[in-house]
Amino acid sequence: MISFELTKKTILVTGASSGIGRSIAVNAAASGAFVVLTGRNEERLQETAKEIIDQNGQCAFEPYDLTADLDDIPKWIRRLAKQYGPFSGLVHCAGITDLSSLRGLRSSTLLNVLTTNSVTAIMLAKGISLAGSYNTQGTSIVFLSSVASEIRGKNRTAYAMSKAALDAAARILGIELANDHIRVNTIRPSKVLTPMVERVLEATDQESVEKQAIHLPLGFGQPEDVASLAVYLLSDASRFITATSINIDGGYY
């Protein structure tokens, strides 16, 4: 029997304080998971937790800055696993963007984007892969990538590099960790109406917005669209999928 439920699964969601991360956390909890929420903003994590609890879901929140000490991330994961039990899933949504042109790009910016979006993901995966941190019956790691990793465009070198790195890592780790029943995949959204994107669109002239919409056959996406795919990849229904990147882009690519 095919099941999309996450009952009896403990799931860690980074970037759970808003946008896609919040939607994934809320929907994972609605599907039966116990969700551990993490992000830097404790107040907004509490808002996510309240939304989950109001819907009779189960969760805990653990404020944490993934960039503060990269080598501490695996140790932190182990501490969480001891407290909440082995993880059956991880969704890494925390990340930043950058729209610098090549001539305006500073090495510090490039390194910051790569560290925040990519290096943290690898260290999280390392933490999940340690004995006692993952469910030996099956664990799913999902990285939030982007169609920007393959789409041509201006002023997105750092961001596109960081997301392409996630796709490459998933292809390697999905094979490396297969014997431990740990699957690794990436989700690649296009334009999704998160609060951050909405703020950008509000500051953009209507003509530019309409030009963007032309390339989106199904229009702009909603956070719930991405969450539905994340829940699928966390569930046993996707047990035969690993080392793969899946576009969820309304036909954009």
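Please refer to the structure placed before this passage.
Residues numbered from 1 in each chain as written. Predicted model: local features only at pLDDT ≥ 70, side-chain atom pairs only at ≥ 80, totals over all residues. Heavy atoms only, no water.

*Asks:* Could you give me a rundown of the pattern of salt bridges, with the residues and numbers involved?
*Replies:* For the structure shown, the criterion picks out six salt bridges. The shortest N-O distance in the salt bridge between Lys9 and Asp236 comes to 3.0 Å. Of the two residues, Lys9 sits in the segment before β1 (10-14) while Asp236 sits in the loop between α8 (223-234) and β7 (244-248), which places them 227 residues apart along the sequence. Residue Asp54 pairs with Lys50 through a salt bridge whose shortest N-O separation is 2.8 Å. With a gap of four residues between them, Asp54 and Lys50 both fall in helix α2 (residues 42-54), about one helical turn apart. One continuous salt-bridge network, built from bridges that share partners, spans Glu150, Asp167 and Arg188. (Salt bridge = Lys/Arg side-chain N within 4 Å of Asp/Glu carboxyl O. Helix = DSSP H or I, 4+ residues; strand = E, 2+ residues; numbered from the N terminus.)

*Asks:* Now, about the sheet that holds strand β3 (residues 58-61): what can you tell me, with residues and values included?
*Replies:* Reading across the sheet, the seven strands line up as β3-β2-β1-β4-β5-β6-β7 and stay open at both edges, with parallel pairing between neighbours. Edge strands, defined here as strands with exactly one partner in the open sheet, are β3 and β7. For this sheet, the mean angle separating the axes of adjacent strands, direction not counted, is 20°. Inspection of the sheet shows strand β2 (residues 34-38) paired to β3 by four bridges, in the parallel sense. Within β3, the position partnered with Val36 by the bridge is Ala60. (Pairing = 2+ DSSP bridges. Axes fitted to C-alpha atoms, helices over the stretch in contact; angles between N-to-C directions.)

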